[in-house]
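Each chain, written out:
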Amino acid sequence: MKKIVILISGRGSNMEAVVRACARDGWPARICAVISNRPDAAGLGFAAANGIETKVVDHREFDARESFDAALAQEIDCFEPDLVVLAGFMRVLTDAFVARYTGRMLNVHPSLLPSFPGLRTHQQALDAGVRVHGASVHFVTPALDHGPIVAQAAVPVVAGDDAAALAARVLKVEHDIYPRAVRWFIEGRLSIEGERVALTPSEPQWLFADIAGEGV
Ligand code: GAR
């Protein structure tokens, strides 16, 4: 049984998608804990209601990134996780923290990386005039929103879109590719080869959504 710790900062819909998929599909894994850096993160309620241990490490109680990351790592390590899943965890991580979980920490980012790292990705996409936008699941490396890509999903940008409409379309596909990618990790099917992630046995590491959000 593999052990997973999920980190959130807010709503936690990606965490919810992973928790539901794990239960529904009988993964050989257990979500040991959901940890938030914000005490008011809405996702903590869902986790607790589903019998998952919740913890808060409030970043405002620390005066340096290093001390916050050290306290967070201490909480995470209590659960001896095989995998750390960042699900809307909105903190810039120190190199030491990232190094501690090299090759066993995944993130979902709401853009087709390497385009649009950082915040306000949907507005960045609209401002750039791209016609295709999406989401990426990647292994975490010290560079912000960068690292070997496990899976990507593409959605169209259509006339009349604003950042909120685009965010909703992208979020739907995040909920599809993130549980899939986590499952691949749990099944021991991912290997990092330089910048590329190989999946064995192979299956599509991409998803193209149509306007209704259905994969095609
Ligand atoms: C998601 O769209 C996720 O991709 C994004 O925050 C949102 C969290 O939603 N993450 C990042 O921007 C990380 N750079 P959720 O709390 O409902 O999963």
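For clarity, every value in this text was computed on a predicted model and none was experimentally measured.

K.L.:
Report on the packing of helix H5 (residues 121–128) against helix H6 (residues 163–186), specifying residues and quantitative values.
P.N.:
It is the contact of H5 with H6, at a shortest axis distance of 9 Å, that shows an interaxial angle of 115 degrees. Relative to H6, the element H5 is oriented roughly perpendicular. The interaxial crossing formed by H5 with H6 has right-handed handedness. When H5 is examined against H6, the residues His 122, Gln 123, Ala 125 and Leu 126 are found in contact with a partner set consisting of Ala 163, Leu 166, Ala 167 and Val 170. Residues of the contact of H5 with H6, tallied by class, amount to six nonpolar, two polar and no charged.

K.L.:
Go over the side chain of Ser 13, please, and point to the residues and values.
P.N.:
When you line up the elements, Ser 13 lands in helix H1 (residues 13–24). The class for Ser 13 is buried, based on a relative accessible area of 15%. Here His 175 takes part through its side chain, which lies 2.8 Å from a polar atom of the side chain of Ser 13. Setting aside residues up to four positions removed in sequence, Ser 13 forms contacts with Leu 171 and His 175.

K.L.:
Can you explain the site of the ligand? Please cite residues and give values.
P.N.:
Taken together, Arg 11, Gly 12, Ser 13, Asn 14, Gly 88, Met 90, Val 108, His 109, Pro 110, Asp 145, Leu 171 and Glu 174 are the residues near the ligand. Within the side chain of Asp 145, one N or O atom sits 3.3 Å away from a nitrogen atom of the ligand. Separating an oxygen atom of the ligand from a side-chain N or O atom of Glu 174 is a distance of 2.7 Å. Taking 450 Å² as the accessible area of the ligand by itself, protein coverage stands at 88%. Elements that contribute at least two residues to the shell around the ligand include exactly H1, strand S5 (105–109) and H6. Its residues assigned to classes, the shell around the ligand shows four nonpolar, five polar and three charged.

K.L.:
Which residues make up the pairing of strand S8 (residues 190–193), and what values go with them?
P.N.:
Of the strand pairs in this sheet, S8 and strand S9 (residues 196–199) are connected by four bridges, and their pairing is antiparallel. Within the sheet, the bridge partner assigned to Ile 192 lies in S9 and is Val 197. The loop that links S8 with its antiparallel partner S9 comprises two residues; one of these, Gly 194, has a positive phi angle of about 70 degrees.

K.L.:
Pulling in residues and values, what's your account of the packing of H1 against H6?
P.N.:
Between H1 and H6, the shortest axis-to-axis distance is 9 Å and the interhelical angle comes to 45 degrees. Considering their axes alone, H1 and H6 lie oblique with respect to each other. With respect to the hand of their crossing, H1 and H6 are arranged in right-handed fashion. In contact with Ser 13, Asn 14, Ala 17, Val 18 and Ala 21 of H1, H6 contributes Leu 171, Glu 174, His 175, Tyr 178, Pro 179 and Val 182. Split by residue class, the contact of H1 with H6 holds seven nonpolar, three polar and one charged.

What counts, and where the lines are drawn
- Residues numbered from 1 in each chain as written.
- Predicted model: local features only at pLDDT ≥ 70, side-chain atom pairs only at ≥ 80, totals over all residues.
- Heavy atoms only, no water.
- Axes fitted to C-alpha atoms, helices over the stretch in contact; angles between N-to-C directions.
- Helix = DSSP H or I, 4+ residues; strand = E, 2+ residues; numbered from the N terminus.
- Parallel < 35°, antiparallel > 145°, perpendicular 65-115°, else oblique.
- Left-handed = near helix turned anticlockwise from the far one by under 90°.
- Contact = heavy atoms within 4.5 Å.
- Nonpolar A, V, L, I, M, F, W, Y, C, P; charged D, E, K, R; others polar.
- Buried < 20%, exposed > 50% of the residue type's maximum accessible area, 1.4 Å probe, protein only.
- Polar contact = N/O pair within 3.5 Å; in protein donor to acceptor, adjacent residues only side chain to side chain.
- Near = heavy atom within 4 Å.
- Areas by Shrake-Rupley, 256 points an atom, 1.4 Å probe, with all protein chains shown as cover.
- Pairing = 2+ DSSP bridges.

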